Amino acid sequence: KAGVTQTPRYLIKTRGQQVTLSCSPISGHRSVSWYQQTPGQGLQFLFEYFSETQRNKGNFPGRFSGRQFSNSRSEMNVSTLELGDSALYLCASSKWPGQDPFFYGYTFGSGTRLTVV
Amino acid sequence: GQQVMQIPQYQHVQEGEDFTTYCNSSTTLSNIQWYKQRPGGHPVFLIQLVKSGEVKKQKRLTFQFGEAKKNSSLHITATQTTDVGTYFCAGVDSNYQLIWGAGTKLIIKP
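Engineer: Got a sec to walk through the overall build of chain B? Specific residues and values, please.
Structural biologist: In terms of regular secondary structure, chain B is built from zero helices and 11 strands. Seen in sequence order, chain B has helices and strands lined up from the N terminus as β-β-β-β-β-β-β-β-β-β-β. For 110 residues, the compact-globule estimate of 2.2 N^0.38 gives 13 Å, and the C-alpha radius of gyration of chain B, at 13 Å, lies within 12% of that figure. The C-alpha extent of chain B, read off along each of the three principal axes, is 45 × 25 × 20 Å. Counting only residues that meet the buried cut, chain B has 48% of its 110 residues in that class. Taking as baseline every contact in chain B between residues at least 6 positions apart, the subset at least 24 positions apart corresponds to 53%. Summed over all atoms, the accessible surface of chain B reaches about 5400 Å², with 51% contributed by carbon and sulfur. In chain B, which carries 11 positive and 7 negative side-chain charges, the distance between the mean positions of the two groups comes to 4 Å.

Engineer: Summarise the side chain of Glu54(B); cite the residues concerned and give the values.
Structural biologist: Residue and element names in this part refer to chain B. Looking at the secondary structure, you find Glu54 in the loop between β5 (43–49) and β6 (55–58). Side-chain polar atoms of Glu54 contact the backbone nitrogen of Val50, separated by 2.7 Å. The contacts of Glu54, once residues within four sequence positions are left out, are Leu49, Phe63, Gln64 and Phe65.

Calculation notes
Residues numbered from 1 in each chain as written. Chains lettered and ligands numbered in written order. Predicted model: local features only at pLDDT ≥ 70, side-chain atom pairs only at ≥ 80, totals over all residues. Heavy atoms only, no water. Helix = DSSP H or I, 4+ residues; strand = E, 2+ residues; numbered from the N terminus. Rg over C-alpha atoms; globule rule 2.2 N^0.38 Å. Buried < 20%, exposed > 50% of the residue type's maximum accessible area, 1.4 Å probe, protein only. Contact = heavy atoms within 4.5 Å. Areas by Shrake-Rupley, 256 points an atom, 1.4 Å probe, with all protein chains shown as cover. Lys, Arg positive; Asp, Glu negative; His and termini not counted. Charge placed at Lys NZ, Arg CZ, Asp CG, Glu CD. Polar contact = N/O pair within 3.5 Å; in protein donor to acceptor, adjacent residues only side chain to side chain.

Given below as structure tokens:
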């Protein structure tokens, strides 16, 4: 089955601009999470969506926002880009456990590498 | 807030030597997951541990979950060049939220 698809793969933007990144989860996966990864850094959690609702949010400024559509596809938006926003943005999808106490592993996409100049 | 500390940050080994990374949580975890990220790649799910004291093996990889469900380890026996990458643990708390460790980068010396 198809994996997690992120578009675009690479993006170069100018300071002050805004950007929208897209993520299509694995079919049947209803939870989508977004992470920021900078060189040598771990995974910084941005937010998680399930059934079009933001379930959790990390410690990022309000310039970072996201949404999820009824087909589980998700977008994240960064407004007023800063040089420090240059990073690999990863999307991950998983089955939402619901009443199931077990949690499924996340499947990551290949990421969007954003460069702000 | 809840944290998962992962050590060491880097480990250099000769090919054929063993490698171990450790994760410790400030609170009890529901379960813990392990991921591997190859250089230039994205994290790939390796395994999930759920039960107290659980030990699971995948070929040369051995994963353990502590009795108190607050710590975990990944041990690789006789490392190979294909093992190069960063290994992350991620603890699942009672709210089904993933708390990520900072990762351990495995570097194999030629």
